[in-house]
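For reference, the chains in residue letters:
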Amino acid sequence: MSKAILQLDALSCPSCMQKIKGALEKQDGVENVKVMFNAAKVKTEFDGDKISADKLSDTVSNLGYEVQSMKVK
């Protein structure tokens, strides 16, 4: 299981958290999603054989949120 931490530009409201969480949880291979509102970070656990970290970042970007950086473990 791989882990990714996405640092976002900002989150403006709690509904943004749910929007991001819901979109990532729908992706095949994503096991766990935690969105930290105050830190504007998204932590995910995912199966690297099913989905890439870049696809996770693209999913968030396509929702209209700027991903400033990404760390993959």
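None of these values were measured; they are calculated from a predicted model. Residue numbers restart at each chain and count upward from 1, following the sequence in its written direction. The model is predicted, so local features are restricted to residues of pLDDT at least 70 and side-chain atom pairs to those at 80 or more, both for listing and for counting; the totals for chains, interfaces and linings are taken over all residues. The side-chain quantities take in all heavy atoms of the structure and omit both hydrogens and water.

Draft legend 1. Representation of the sheet that holds strand 3 (residues 41-46) in the model. Strand order in the open sheet formed by four strands is 2-3-1-4, and the pairing between neighbours is antiparallel. With partners counted over all chains shown, the strands left at the sheet margins are strand 2 (30-36) and strand 4 (67-72), one partner each. The mean inter-strand angle of the sheet, taken between neighbouring strand axes irrespective of direction, is 15 degrees. Strands pair, by our definition, only if DSSP identifies at least two bridges between them. Think of it this way: any DSSP run of H or I at least four residues long counts as a helix, any run of E at least two long counts as a strand, and we number them from the N terminus. Note: strand 2 against strand 3, six bridges, orientation antiparallel. In the strand pairing of strand 3, Asn32 is matched with Glu45. Note on geometry: axes are C-alpha line fits, over the in-contact stretch for helices, and angles between N-to-C directions span 0 to 180 degrees.

Draft legend 2. Representation of the nonpolar core in the model. Among the nonpolar cores identified, the biggest contains 20 residues, and Leu8, Leu11, Ile20, Val42 and Val60 are the most heavily contacted of them. Elements that contribute at least two residues to this core include exactly strand 1 (2-8), helix 1 (14-25), strand 2, strand 3 and helix 2 (53-62). When residues in this core are grouped by element, the largest group, four residues, is from helix 1. Contacts are assigned to residue pairs that have any heavy atoms within 4.5 Å of one another. Here Val42 is in contact with Ala4, Ile5, Leu6, Leu8, Ile20, Leu24, Val33, Lys34 and Val35, once residues within four sequence places are set aside. Residues grouped as a nonpolar core are buried Ala, Val, Leu, Ile, Met, Phe, Trp, Tyr and Cys residues, joined through side-chain atoms within 4.5 Å. The buried label applies to any residue whose accessible area, calculated with a 1.4 Å probe on protein chains only, is under 20% of its type's maximum; exposed applies above 50%, and partly exposed to all values in between.

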